[in-house]
Structures are given as structure tokens and as C-alpha cells.
Amino acid sequence: MAAANYVPPEDRFLCSICLDVFNDPVAIPCGHNFCKTCITEHWDTSDIYQCPMCNNEFNTRPELHVNTFISEMVAEFRQSAQQKASSSSSSSSEQQVFKPGEVPCDVCTETKLKALKSCLVCLTSYCETHLEPHLTKSGLKRHQLIDPVENLEDRMCPKHDKPLELFCKTDQTCVCMLCTVSDHKMHDVVPLKQEYEGKKAELETEIQQMIQKRQLKIEEIKHSVDLSKEEADREVAEGVQVFTALKESVERGQANLINTIKEKQKTTENQAEDFIKELEQEISELKKRSSEVEQVTHSEDHLHLLQRFMSLKVAPPTKDWTEVSIHSSHEGTVVRAVVQLEETFSKEMKKLLEAELKRVQKYAVDVTLDPDTAHPNIILSGGGKQVSDSDVKKNLPKNPERFSDCICVLGKQSFSSGRFYFEVQVKGKTEWELGVARESINRKGGIKLGPQWGFWTIWLRNGIEYKALDTPPVLLSLKSQPQKVGVFVDYEEGLVSFYDVDAAALIYCFTGCSFTEKLFPYFSPYDNDDGKNSAPLIISPVRVN
């Protein structure tokens, strides 16, 4: 059989038996042409002499003669095809040595050249030179060539050793033609190209959606930065206003203090001057009296001295200076000025705390109590908003989330980023615990409260003793007993703050916390104490003051 290139219009010179260009073409009585070898072998294996094209039967085996006209045309066609192939080869760029990331020719032994095609039948990649047999030899021309790829074995069905040309949508896997009549029979099978287009569109859509989500996230982050800047500017303005007021108050207090002390000193000096003048006047009069007495006493006229004695003694009257003294009036002046400054500072501090409380209240979240974590003694009511101790242990499922010994409960909601705030009414209680806890806390047996054990809490004991369970614990001195406690958490900042909501006062603040897990609101109504501590803890709706 002939070997030639597939160059149009070669279909006019193809043998219908070997599907290749005629080699020694012969014509049979019905007029159809075949390769002499092809039609001879065809009739040698058949009991009848029949045309493969039109099925026309012949009584006797026709005698075969080469069709010289067709043979000459085939020769011209073959020469033309070879010239075109040669021209195409010479006009193409020089073969390149393969580079990293490119597919090398599997046949080259010394210098590996870049592959132009990969054969799915031979499972081999070929450079331009070694690809030529697949373009010229009839047996190889039927092989399926694709753009060069690596790992060609992965493109063959491991069971049937056939190219993976189809995709089974039922099993979501690539299959060959034989798979569709065996393991994947009756499955939804489509050509690879069709599934490729679908998957490509799906990936493109998914990527675009991911891009859009990230663009939206960028806008969200930028908006958050803008809001943060606005809040920072507002806080700076408020801080400057407060510190300016404090500075002016200090300067004013200092000036008043100096003026007051100077005025008092001036009064003291004036008083002293008056006393000195009066004393000097009396001294002058006494010296005059002393002179008169001296004159009388130098006389030996005893009668004259005795007659003048009474007048010299009674006049002029003298003042008793024994109890007269100068007292400093500065004591307590500085103390009173500092007390007044402290009052001003307290007023400004209250303004700051009120503004801060309003800011954190913007992060209010809806918290409900989780019955799966509640100790068996606990009663939950009010739609999961109230918790109290019943003194009666209920028979409840022993799940891993439930506290076994500590009379407490967690909120259903968890938080692993951002800021959140909630308020709890503690009115009427003598003992309670409030705060947040990380997810991995111990819930069985006795528990310890403190950051090292995953708790950031404060408590009340005996109706008057407030304590922050920090490391170490801190005894709190509060001006008033809170009736409603606000809890604020900034996850990224590592901050947990507690507020007296009604007084707009800061109770305590945990700083420098390192959160790596989900945080849950934590509540403990503590023991009922024979009814003395029966009031519930109530999660209250947040109302900005």
C-alpha cells in the first residue's frame, strides 16, 4: 500500500479498502478502482467476488490490470504532496532545543529538541524530525496527535489502554469508549470537549465570583478604615477637649491658689504692720513716762514723789499683748485646691466614660443562653434571656458541653473576631459571675476562673465584695453597686471591659489578652442561698444612654 502525506485533494486518490493513496491502481468491471494488493487480498478471503463499494457480484474472478491513467495521476499527486511537505518544512522555523517548562521529544537521544506533537496511541512526544513518520506512513497516520503534553500515560484508560476521550458525569471521571459499554453503561457520558467547556465556564464564573467577593472585601476594609479614621478623629477631638478643659482647670486652679495664698499673706503682713505700729506707739509713750519717772525719782523731795505717783501710774492705759500673735492662714489651701481639681477631673472623666459607653454599645449583639451547656440546677426562662439557680438538680443528658459542677451557663452565640457587647441585669443579687470564656474551657468537675484557664470574668460575693478574676485577682472598689453590667470585647485588640451601665462607669478592664479560639458569653447566677440570691441574671436589650 502507498505511503503519502494527507494533502488535499487526496480523497480523490484514496483506496476505499486501505484508505490510503492508490498503489498500483486497478479497475474492476463495475468501474471502481482499488489498490491491486487490496482487492486481491479482499477476494482471497471471500467466497464471492463482490465490489466492496457497490456490492456488485461477478460470476468469475475478474482479471486485474493496472489503470495507467489513474497510476500517472497518483504519481503526479504524490510528487506534488512531497513538494508541499518539503516547502512547508523548509519555511518553518528551525527546530528548538527544549527549555524548562516545555515538553521534550521522547525519541531524541543526545540533544533533546522541543516536541511539536504528542501521540495518544504511541504515548510518545515527537520533535519535527521524529514526527515525520506519523505524517507519511499509512499505519501511523491514523494515530491521534495532540499538542505536546507530559505524562501521556495519564491520558490513557488504565483498564482498556484506550484514549480517555469521554467524561462520565455520573461518576465525575474521564473514560474511554470501551468504558461506556462496561463499567459506565447507561451513565451520562459526554465528549471531553463538551465537559471541558462546561468546567471552564464554571471555573471562570467561580473565579470571577471570588474576585468580586475580594473586591467587595477590599471596599469593606476601606470603608472600615474610613469609619475607624472618623472614630479616631472624633476620639482625638473629645480627648483634646477634655484635656484642654483639665489643663485650663489646672492653670485656673494654680492661679487661684497663688492669688489666695498671696492675699492671705498680704493680710497677715498688714495685720503685723498694724500691731508693730501700735506697739511702737506704746513704746514711745512708755519711754516718755520713763523720762518723767526718772526726773521725779532723782529728786529728794519725798513729798513731791508721793503726790505725783498716782498720776504717773494710771495714765496712759497700757494694752496686754500676752495673747496677741500672728497666725499663718495657708494651711489647707493647697488641699482644697486639689480637691476642687479632682472634682473637675471626675466630671470630665464621667463625660469621657459616657461617650465611651455609647461607642461600645454600638456593637451590641443578641445573646441567648445555651441549654446544652447549663448546669442541671439551672433554670432558663424568658426565651433564653434569664438564668437562676433552683437548688434542685434535674436529670439531663450528660453531653460534653454541659457544666457538671459549676452552676453556670454559656451563651449560644460565639465570636472569633471583631467586637461585641451585651448587658446583664444583676439587680437584687448578692452573688454572681459574668464575663466571657473560650471554647476549650474545662466543663467537668470544679473549675477555676482566670485568663490562664480561659475565663475573663468579674464576680460579686456577700453582696459587697467585687473582684476581677485576673492574674492575680484584683479587689474592686466601686462608688456604687451596679444594677446592670455591660460586657465589651474587642477580639483583635485583646480587650475585655466591664461597665456599670447606669452610672456610665468603668468597672474593670482586661488588657493584652491573646484570643485564639471562639469566645462565648459566660453567666453564673451562683447559689440560691435559701432564697437570698434567688433573683435571676437577665440579658437586657441594649438602650443607648
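**Let's talk about helix H1 (residues 36–44)**
Buried within H1 are the following residues: Cys38, Ile39 and Trp43. Within H1, the buried residues cover an arc of 125° as seen down the axis, which keeps them to one side. Among the structural elements, strand E1 (25–27), strand E2 (33–35), strand E3 (49–50) and strand E4 (57–58) are those in contact with the buried residues of H1.

**Quick look at a negative patch on the surface**
On the surface, a cluster of negative charge is contributed by Asp391, Asp527, Asp529 and Asp530. Mapping Asp527 onto the fold places it in the loop between strand E22 (519–524) and strand E23 (537–540).

**Some thoughts on the state of the cysteines**
Evaluation of the coordinates by the stated rule reveals zero disulfides. No disulfide involves Cys122; its sulfur sits 3.6 Å from that of Cys119, the nearest cysteine. For Cys122, a relative accessible area of 30% translates into the label partly exposed.

**Topic: the sheet that holds strand E7 (residues 145–146)**
Reading across the sheet, the three strands line up as E6-E5-E7 and stay open at both edges, with antiparallel pairing between neighbours. Strands with a single pairing partner mark the edges of an open sheet, and in this sheet they are strand E6 (124–126) and E7. In this structure, strand E5 (residues 117–119) lies alongside E6, joined through three bridges in antiparallel fashion. Residue pairing across strands places Lys117 opposite Tyr126, the latter belonging to E6. Where helix H3 (residues 128–136) meets the sheet, its contacts fall on E5, E6 and E7, and the angle it forms with E6 comes to roughly 110°.

**Section: the packing of aromatic side chains**
Across all of its chains, the model carries eleven aromatic pairs by this definition. On the numbers, 6.4 Å between centres and 75° between planes, the contact of Trp43 with Phe58 is edge-to-face. Of the two residues, Trp43 is situated in helix H1 and Phe58 in strand E4; the sequence distance between them amounts to 15 residues. When its relative accessible area of 1% is taken as the criterion, Trp43 is described as buried. Seen from their ring centres, Phe415 and Phe420 are 4.0 Å apart, and the 15° between their planes marks the pair as stacked. Exposure class is identical for Phe415 and Phe420. Each is buried. What links up through ring pairs into an aromatic cluster is the set Trp43, Tyr49 and Phe58. The residue whose ring lies beneath Arg443 is Phe403, and the NZ or CZ to ring-centre distance is 5.9 Å. Residue placement shows Arg461 over the ring face of Trp459; its charged tip is 3.8 Å from the ring centre.

**Here's the deal with helix H7 (residues 333–361)**
Taking 1.5 Å of rise per residue, the 29 residues of H7 would be expected to cover 42 Å, and the 42 Å separating its terminal C-alpha atoms lies within 8% of that figure. Thr333, Glu348, Leu353, Ala355, Leu357, Arg359, Val360 and Gln361 are the residues of H7 that are buried. The elements touched by buried residues of H7 are helix H5 (192–298), strand E14 (419–425), strand E19 (484–490), strand E20 (495–500) and strand E21 (505–510).

**Some words on the side chain of His375**
With respect to the helices and strands, His375 occurs in the loop between H7 and strand E11 (378–381). According to the relative accessible area criterion, His375 is buried, its value standing at 5%. From its side chain, His375 meets the backbone nitrogen of Asn377 in a polar contact 2.9 Å long. Beyond its immediate sequence surroundings of up to four residues, His375 is in contact with Phe403, Ser404, Asp405, Cys406, Ile407 and Cys408.

**Details of the nonpolar core**
Counting 36 residues, the largest nonpolar core has Trp432, Val485 and Phe523 as its most contacted members. Discounting chain neighbours no more than four positions away, the residues touching Phe523 are Val367, Leu369, Val387, Cys408, Val409, Gly411, Phe422, Val424, Glu433, Leu434, Leu537 and Ile539. Phe13, Val21, Trp43 and Leu64 belong to the second largest nonpolar core, which has 18 residues in total.

**Focus on the pattern of salt bridges**
For side chains of opposite charge, pairing can occur when their charged atoms come near one another. Applying the stated rule across the entire model yields 13 salt bridges. For Asp44, the salt bridge is made with Arg61, and the minimal N-O distance between the two is 3.0 Å. You can see Asp44 sitting in helix H1 and its partner Arg61 sitting in the loop between E4 and helix H2 (68–91), a full 17 residues away along the chain. Taking the shortest distance from any N to any O, the salt bridge between Glu433 and Arg461 comes out at 2.6 Å. In this pair, Glu433 sits in strand E15 (residues 432–438) while Arg461 sits in strand E16 (residues 455–461), placing the two residues 28 residues apart along the sequence. Exposure remark for Glu433: the relative accessible area of 5% places this residue in the buried category.

**Brief notes about the sheet that holds strand E9 (residues 173–175)**
Note on sheets: strands pair through backbone hydrogen bonds, and any given pair is parallel or antiparallel. Strand order in the open sheet formed by three strands is E9-E8-E10, with antiparallel pairing between adjacent strands. A single partner strand is all that each edge strand has here, and the edge strands are E9 and strand E10 (189–191). Adjacent strand axes in the sheet meet at a mean angle of 35°, parallel and antiparallel pairs treated alike. One ladder, built from three bridges, connects strand E8 (residues 166–168) with E10; its direction is antiparallel.

**Focus on the pairing of E23**
Pairing of strand E12 (residues 386–389) with E23, which is carried by two bridges, proceeds in the antiparallel orientation. Its bridge partner lying in E23, Val387 is registered against Leu537. As paired strands, E14 and E23 are joined by three bridges and run antiparallel to one another. By the bridge assignment, Gln425 is partnered in E23 with Ile538.

**Section: the pairing of E11**
By the bridge criterion, four bridges tie E11 to E12 in an arrangement that is antiparallel. Considered in E12, the bridge of Leu380 is made with Val387.

Basis of the calculations
Residues numbered from 1 in each chain as written. Predicted model: local features only at pLDDT ≥ 70, side-chain atom pairs only at ≥ 80, totals over all residues. Heavy atoms only, no water. Buried < 20%, exposed > 50% of the residue type's maximum accessible area, 1.4 Å probe, protein only. Helix = DSSP H or I, 4+ residues; strand = E, 2+ residues; numbered from the N terminus. Arc of directions from axis to C-beta. Contact = heavy atoms within 4.5 Å. Patch = residues over 30% accessible without salt bridge, like charges linked within 9 Å, V, L, I, M, F, W, Y side chains within 5 Å. Areas by Shrake-Rupley, 256 points an atom, 1.4 Å probe, with all protein chains shown as cover. Salt bridge = Lys/Arg side-chain N within 4 Å of Asp/Glu carboxyl O. Lys, Arg positive; Asp, Glu negative; His and termini not counted. Charge placed at Lys NZ, Arg CZ, Asp CG, Glu CD. Disulfide = S-S within 2.5 Å. Pairing = 2+ DSSP bridges. Axes fitted to C-alpha atoms, helices over the stretch in contact; angles between N-to-C directions. Phe/Tyr/Trp six-rings, centres within 6.5 Å; stacked < 30°, edge-to-face > 60°. Lys NZ or Arg CZ within 6 Å of the ring centre and 35° of its normal. Expected span 1.5 Å × (residues − 1). Polar contact = N/O pair within 3.5 Å; in protein donor to acceptor, adjacent residues only side chain to side chain. Core = buried A, V, L, I, M, F, W, Y, C linked by side-chain atoms within 4.5 Å.

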